Amino acid sequence: MIRIGDSSSRNTELDLSTRIAGVTFKNPIVMASGTFGFGKEYAKFYDVNELGGISGKGLTLQPKAGNQGTRVYETASGMLNSVGLENPGVAAFLDKECAYWETLDTVRIVNLGGNTFEDYVAGAEQIQKDAEARSRKAVDMIELNISCPNVKEGGIAFGIRTCDARELVRAVRQATRLPLSVKLSPNAEDIADMAIMCQEEGADAVSLINTISGMKIDVRRRRSVFNNLYAGLSGPAIKPIALRMVHQVAQRVEIPVIGMGGISSATDIIEFIMAGAAVVQVGTYNFMNMRAGEDLLRDLRQFMIEENIASLDEIRGII
């Protein structure tokens, strides 16, 4: 444990930990869904057990092949992605990936998506059933991604209208006893109202923000770069928007807020903590720096030492 000295030269332990619904995060750095796989690949570069947590690759009930054509395009201070939730499906994850997750000493979060109400609920039920059957824990929390298009309602995302999302959050909450965070879309009609609804329906936390819808045109081919026309913008370019939304939501709810959006430095993490985030998620920066988690943790500790911050609770939500 690192110790620092305050103005009176008293040694104090450096505390980076926090708890959400009984789950202890040893530090606030969590790797965001869709940018870290299930952790195996990055474990070749540094010890992922040092992270506060891992939100795994987004899962749907059935396997998905993802989108055709260009999937990722670099932009100024960011990245557009149109991967399309390519994933092995919930059953394959539970069968093939959880054995590795059982060995990890960090918070393990399943990011659950879907295109129908029934798929979301069935996926949550399978994860809950598997958790009850395992002798060792492999999943600590579910992160419900309500930014997915509702195919039965013409493709509008579940997370746009609070009234549409309420029934889904309620049903998934009833389907699992695992801690539940709901990942909110920045395209919601009112993201603070959406977060309040999640709290009312029993969510243990909210995660925000998901990517912002964007576009890139190939002017020589005279068409969008992406087959689906639009794609999700992430990276440092969206950080001011994400920070503002995290602050707004943290002012309105009692449950913890998991902040994300363009984090690529220790000072970015501190800003989100000051805005009210309990922990943060790091996404696009993983593509810029394969040792992002390791470097961010080192720099965060150094910042706290330099600023004489013994615990992140001292600065959490001070803005």
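Here's what I pulled together on the structure shown here. For clarity, every value in this text was computed on a predicted model and none was experimentally measured. (Residues numbered from 1 in each chain as written. Predicted model: local features only at pLDDT ≥ 70, side-chain atom pairs only at ≥ 80, totals over all residues. Heavy atoms only, no water.)

Quick word on the overall build of the chain
On a plain count of helices and strands, the chain comes out with 8 helices and 18 strands. For 319 residues, the compact-globule estimate of 2.2 N^0.38 gives 20 Å, and the chain sits close to it at 19 Å. Counting over 319 residues, the chain shows a buried share of 55%. The long-range fraction of contacts in the chain, counting pairs at least 24 apart against all pairs at least 6 apart in sequence, stands at 70%. Element-wise, carbon and sulfur atoms account for 47% of the exposed surface of the chain, whose accessible area totals about 14,100 Å². Across the chain, the centroid of the 34 positively charged side chains sits 6 Å from that of the 39 negatively charged ones. (Helix = DSSP H or I, 4+ residues; strand = E, 2+ residues; numbered from the N terminus. Rg over C-alpha atoms; globule rule 2.2 N^0.38 Å. Buried < 20%, exposed > 50% of the residue type's maximum accessible area, 1.4 Å probe, protein only. Contact = heavy atoms within 4.5 Å. Areas by Shrake-Rupley, 256 points an atom, 1.4 Å probe, with all protein chains shown as cover. Lys, Arg positive; Asp, Glu negative; His and termini not counted. Charge placed at Lys NZ, Arg CZ, Asp CG, Glu CD.)

Focus on helix H3 (residues 162-175)
The first and last C-alpha atoms of H3 sit 20 Å apart over 14 residues, in line with the 20 Å expected at 1.5 Å per residue. Inspection of H3 places Ala165, Leu168, Val169, Ala171, Val172, Arg173 and Ala175 among the buried residues, and these make up the whole buried set. Contacts made by the buried residues of H3 are with helix H2 (117-133), strand E10 (141-145), strand E11 (180-183) and helix H4 (191-200). (Expected span 1.5 Å × (residues − 1).)

Re the sheet that holds strand E18 (residues 279-282)
Spatially, the 8 strands close up into a barrel ordered E5-E6-E9-E10-E11-E12-E17-E18, and their pairing is parallel. Each neighbouring strand pair of the sheet contributes to a mean axis angle of 25 degrees, computed without reference to strand direction. Strands strand E12 (205-208) and strand E17 (257-260) of the sheet are contacted by helix H5 (residues 239-250), whose axis makes an angle of about 170 degrees with E17. (Pairing = 2+ DSSP bridges. Axes fitted to C-alpha atoms, helices over the stretch in contact; angles between N-to-C directions.)

Observations concerning the packing of helix H1 (residues 90-101) against H2
For the pair H1 and H2, interaxial distance at closest approach is 9 Å and the crossing angle is 25 degrees. As far as their axial angle goes, H2 and H1 are roughly parallel. Every pair of crossing elements has a handedness; the one defined by H1 and H2 is right-handed. The segment H1 lies against H2, with Val90, Ala91, Leu94 and Cys98 engaging Gly123, Gln126, Ile127 and Asp130. Partitioning the contact of H1 with H2 into residue classes produces 5 nonpolar, 2 polar and 1 charged. (Parallel < 35°, antiparallel > 145°, perpendicular 65-115°, else oblique. Left-handed = near helix turned anticlockwise from the far one by under 90°. Nonpolar A, V, L, I, M, F, W, Y, C, P; charged D, E, K, R; others polar.)

Re the side chain of serine 311
As for its placement among the helices and strands, serine 311 is situated in the segment after helix H8 (292-306). A distance of 3.2 Å separates a polar atom in the side chain of serine 311 from the backbone nitrogen of aspartate 313. Serine 311 has contacts with Asp15 and Met304, leaving out every residue within four places of it along the chain. (Polar contact = N/O pair within 3.5 Å; in protein donor to acceptor, adjacent residues only side chain to side chain.)

Some details on a nonpolar patch on the surface
On the surface, a cluster of nonpolar side chains totalling about 510 Å² of accessible area is made up of Met215, Ile217, Val219, Leu229 and Tyr230. Secondary-structure assignment places isoleucine 217 in strand E14 (residues 217-218). Of the residues examined, isoleucine 217 reaches a relative accessible area of 44% and is grouped as partly exposed. (Patch = residues over 30% accessible without salt bridge, like charges linked within 9 Å, V, L, I, M, F, W, Y side chains within 5 Å. Salt bridge = Lys/Arg side-chain N within 4 Å of Asp/Glu carboxyl O.)

Overview of the packing of H5 against helix H6 (residues 266-274)
For any two helices packed against each other, one specifies the inter-axial angle together with the distance between the axes. At their nearest, the axes of H5 and H6 sit 9 Å apart, and the two run at 25 degrees to each other. Taken together, H5 and H6 sit at an angle that is classed as roughly parallel. Across the interface between the two elements, Lys239, Ala242, Leu243 and Val246 of H5 pack against Asp268, Glu271 and Phe272 of H6. Looking at the contact of H5 with H6, its residues break down into 4 nonpolar, no polar and 3 charged.

Side note on the sheet that holds strand E8 (residues 78-81)
Within the open sheet, the 4 strands sit side by side as E7-E8-E16-E13. Their pairing is antiparallel. Sheet topology places strand E7 (72-75) and strand E13 (212-215) at the edges, where each strand pairs with a single neighbour. Neighbour-to-neighbour, the strand axes of the sheet open up by a mean angle of 40 degrees, direction not taken into account. Judged from the 4 bridges that link them, E13 and strand E16 (residues 230-234) form a sheet pairing that is antiparallel. Bridging across to E16, serine 213 finds its partner in glycine 232.

What to know about the pattern of salt bridges
Counted according to the given criterion, the structure contains 20 salt bridges. Here glutamate 271 ties to lysine 239 by a salt bridge, and the two come within 2.4 Å at their closest N and O atoms. In this pair, glutamate 271 is assigned in helix H6 and lysine 239 in helix H5, connecting sequence segments 32 residues apart. Residue classification places glutamate 271 among the partly exposed positions, given a relative accessible area of 31%. A salt bridge links aspartate 299 to arginine 298, with the nearest nitrogen and oxygen atoms 3.1 Å apart. Note on aspartate 299: relative accessible area 33%, which makes it partly exposed.

Any link to function would need more than the numbers given here.
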